[in-house]
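Summary of the model geometry
Listed below are the residues making up each chain.
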Amino acid sequence: MTYSRAPLYEALSENIKGDPISFHVPGHKYGKVFSNNAKSSFHSILELDGTEIGRLDDLHAPEGVIKESQDLASSYFESDETFFLVNGSTAGNLAMVLSVCKPGEKIIIQRNCHKSVMNGIELAGARPIFLSPLYEEETKRYSKVSRDSVKRALEEHPDSKGVLLTYPDYFGRAYELNEIADLVHAHKLPLLIDEAHGVHFHLDGSFPTSAMAAGADVVVQSAHKMAPAMTMASYLHVKGDRVNINLIRHYLQVVQSSSPSYPLMASLDLARAFMEGWGEAERLTLFSFIEEVRKAFGSFTSTWRLLPIGKYDDPLKLTLEVDEVSGFELSRFLEEVQVVPELATSHQVLLILGLEPSFDRKELERRLDSVDSRLKNTSNNATIREVNISFPEIQTLEMGYADMQRMKDVQMGWSQAVGCIAAEAIIPYPPGIPLLMKGERISKIHYEHVLSLIDQGARFQNVNIEQGLRVFKGECL
């Protein structure tokens, strides 16, 4: 791998070499003041945990090494400007929405977007127009956004201020984004992309086309998901003038900490340097490893099916499909032998690889063999109660956010809540995609689907979800 500069990381390293006497925050004083039982674990990272002293620059008004690092990222990702995010892609999604929408204005968004997109729309007081992805037999999921669907939404809602899509989905499935970008731009609107799981698409043609290359105007990427960066470290890229970049800057200061983490920013600098130095030798090593791992999982065909990699699939994502047990149950069996998946659904389990080999294949095979043996010896007579749920191609909320703010809500059991308007989103986590939106009317299918997922052991970001949810008082059919 060729060496690429990482100016911010280098500045932090030089800073600690000077043995500074700190009369400034943070209070751990480069790790000298810290809990004794954890000093050895945290020492090296605390030495990099600086603050906005002159030589280390300021994220919210960068002029020195942070600006240089962001400029290098911008050059690599081929954006007009790139911003470091220390509050995750959540901060980027919030800033994207707030910079495009004013109260009461419409924005077309993907129905299965991340909850942060919906939170941004609620903060903006905007009106979401939901676009449902199409079901794909290859993935057994609603994973494709089509040009025709976007066209219909634009025709039905010509006063929309932009289109915000997720690309790829959590499982790494992409689609023809360039066609959609051309369509959206023909309507003189910006295309905003939550590319949380696609930061590595920029590496080369071994991966699906990156959102920036496809023509997106603003792209948010979770560097920590697929590149070697620390948790919460993300990028926001802007290209062109369809979105006011000064508003992006303003809202990033609103939604991000005024005391940003230097280790997180340094990891963004290093992640870009890592990808910039990634070449043919690294690609060959990685894809040889991917093939070995797929062979390991593919040898247990009686236990699960390994979905193939197609033109629109990220090769770093492995999806196992099951019938005899639920995906949640298989995930628990894998976790018991310390093969830890990213997430599970009723019939699928997602596993994510990194950009370099990170474990021994023989050890993986030994653990998978243990899982296979245990599953074969487990009597499972339970029926998986799966309830498929689909949504209208184009959909709006039953109630606007301004109205919701004035309404009182009450807690109600699930069976009584059918026909009412939800006062909270129901969010299985991961992936953090709302199954039921705040402001959406609750159907019997919602009710049955949630109970099915509870029975299977799905996790939700809702307190006491088994007892019901909050609904708006007086708004039930």
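Residues numbered from 1 in each chain as written. Predicted model: local features only at pLDDT ≥ 70, side-chain atom pairs only at ≥ 80, totals over all residues. Heavy atoms only, no water.

The criterion, for reference: UniProt positions are given in the numbering used here, feature names are shortened, and annotations may be inferred rather than shown by experiment.
The name that an unreviewed UniProt entry assigns to the protein chain is Lysine decarboxylase, with the source organism given as Halobacillus litoralis. Of the comments in the UniProt record for the protein chain, the one headed Cofactor (unreviewed entry) reads "pyridoxal 5'-phosphate". The heading Sequence similarities (unreviewed entry) in the UniProt record of the protein chain holds the text "Belongs to the Orn/Lys/Arg decarboxylase class-I family."

Quick look at helix H12 (residues 280-298)
Let me state the cut-off plainly: Segments assigned H or I by DSSP are reported as helices when at least four residues long, segments assigned E as strands when at least two residues long, and all are numbered from the N terminus. Take the number of residues in a helix, subtract one, and multiply by 1.5 Å to get its expected span. Exposure categories follow from relative accessible area, calculated using a 1.4 Å probe and restricted to protein chains: below 20% of the type maximum is buried, above 50% is exposed, and the middle band is partly exposed. Along the arc lie the directions from the helix axis toward the C-beta atoms. The contact rule is simple, with two residues in contact once any of their heavy atoms fall within 4.5 Å.
The end-to-end C-alpha separation of H12 is 26 Å, in line with the 27 Å expected for 19 residues at 1.5 Å each. By the burial criterion, the buried members of H12 are Glu 282, Leu 286, Phe 289, Ile 290, Val 293, Arg 294, Ala 296 and Phe 297. On an axial view of H12, the arc spanned by its buried residues comes to 155°, and they lie on one face. Elements in contact with the buried residues of H12: strand E10 (305-306), strand E11 (317-321), strand E13 (348-352) and helix H14 (361-376).

Details of the packing of helix H4 (residues 88-100) against helix H10 (residues 245-255)
Any two packed helices are characterised by the angle at which their axes cross and by the distance between the axes. Inclusion rule: For every element, the axis is a line fit to its C-alpha atoms; helices are fit only across the contacting stretch, and the angle between N-to-C directions ranges from 0 to 180 degrees. The cut-offs work like this: below 35 degrees is roughly parallel, past 145 is roughly antiparallel, 65 to 115 is roughly perpendicular, and the gaps in between are oblique. Left-handed describes a crossing whose near helix is turned anticlockwise from the far helix through less than a right angle; right-handed describes the clockwise counterpart.
Relative orientation of the contacting elements H4 and H10 amounts to 135°, with a least axis distance of 9 Å. Taken together, H4 and H10 sit at an angle that is classed as oblique. H10 is crossed by H4, and the crossing has right-handed handedness. Within the contact between the two elements, H4 uses Ala 91, Leu 94, Ala 95, Met 96, Leu 98 and Ser 99 and H10 uses Leu 247, Ile 248, Tyr 251, Leu 252 and Val 255.

A look at the sheet that holds E13
Put simply, the test is: Only when DSSP finds a minimum of two bridges between them are two strands counted as paired.
Taken together, the four strands give an open sheet; going across it, the order is E10-E11-E13-E12, and neighbouring strands pair in antiparallel fashion. Edge strands, defined here as strands with exactly one partner in the open sheet, are E10 and strand E12 (343-344). Where E11 and E13 come together, five bridges link them in antiparallel fashion. What sits directly across from Glu 321, in E13, is Gln 348. Contacting E10, E11 and E13, H12 crosses the sheet at an angle of about 10° to E11. Contacts between helix H13 (residues 327-336) and the sheet are confined to E11, E12 and E13, with E13 contributing the most and set at about 45° to the helix.

Re empty space enclosed by the protein
Convention followed: Buried and open spaces are told apart on a 1 Å grid over the protein atoms alone, a cavity being a set of points where a 1.4 Å probe fits but cannot get out and a pocket being an open set with protein on both sides within 12 Å along at least five of seven lines. Residues with an atom within 4 Å of a point are the lining residues. Grid points are joined across faces, edges and corners, and a volume is the space filled by probe spheres set on the points. For this scheme, ten residues count as nonpolar: Ala, Val, Leu, Ile, Met, Phe, Trp, Tyr, Cys and Pro. Four count as charged, namely Asp, Glu, Lys and Arg, and the remainder, Gly too, count as polar.
Going through the model one piece at a time under the given rule, you end up with one cavity of 30 Å³ or more. Put simply, the largest cavity is a space of about 30 Å³. In terms of lining residues, the largest cavity is bounded by Phe 77, Glu 195, His 202, Ser 210, Met 212 and Gln 221. Its residues assigned to classes, the lining of the largest cavity comprises two nonpolar, three polar and one charged.

Here we look at the state of the cysteines
Here, disulfide denotes a covalent bond that connects the sulfur atoms of two cysteines. Note the threshold: Disulfides are defined as pairs of cysteine sulfur atoms found within 2.5 Å of each other.
According to the stated counting rule, one finds one disulfide in the structure shown. The side chain of Cys 420 participates in a disulfide bridge whose partner is Cys 476; the two sulfur atoms lie 1.9 Å from each other. Measuring the twist about the S-S bond at about 105°, one finds the Cys 420-Cys 476 disulfide to be right-handed. Of this pair, Cys 420 sits in the loop between helix H16 (414-417) and helix H17 (444-456) while Cys 476 is found in the segment after strand E16 (469-472), placing the two residues 56 residues apart along the sequence. Owing to a relative accessible area of 36%, Cys 476 belongs among the partly exposed residues under this scheme.

Observations concerning the layout of surface pockets
Space inside the second largest pocket adds up to approximately 360 Å³. In terms of lining residues, the second largest pocket is bounded by 18 residues, among which Gln 338, Val 339, Val 340, Phe 359 and Leu 364 are the most central. No other element matches the three residues that H14 contributes to the lining of the second largest pocket. A per-class count over the lining of the second largest pocket returns eleven nonpolar, three polar and four charged.

Focus: the nonpolar core
Cut-off, in case you're wondering: Buried Ala, Val, Leu, Ile, Met, Phe, Trp, Tyr and Cys residues form a nonpolar core when they are joined through side-chain atoms within 4.5 Å.
Of all hydrophobic cores here, the largest spans 103 residues; its most connected members are Leu 165 and Leu 330. Looking at this core, the element that brings in the most residues is helix H11 (residues 262-276), giving eight residues. The contacts of Leu 165, once residues within four sequence positions are left out, are Gln 110, Leu 131, Val 145, Tyr 175, Leu 177, Ile 180, Leu 191, Leu 192, Ile 193 and Asp 194. Counting 37 residues, the second-largest nonpolar core is a separate cluster that includes Ile 121, Ala 126, Leu 164 and Val 255.

Description of unusual backbone geometry
One can expect most non-glycine residues to show negative phi and most peptide bonds to be in trans. Tyr 429 connects to Pro 430 through a cis peptide bond whose omega is -15°. Inspection of the secondary structure puts Pro 430 in the loop between H16 and H17. At the junction of Pro 430 and Pro 431, the peptide bond is cis and its omega measures out at 20° in the coordinates. Relative to the assigned elements, Pro 431 resides in the loop between H16 and H17. With phi around 55°, Lys 29 is a residue other than glycine that occupies positive phi space. Checked against the element boundaries, Lys 29 lands in the loop between helix H1 (7-17) and helix H2 (39-46). Look at Lys 29 and you get partly exposed, because its relative accessible area is 27%. Of note, the phi angle at Tyr 30 is positive, near 60°, even though the residue is not glycine. By secondary structure assignment, the location of Tyr 30 is in the loop between H1 and H2.

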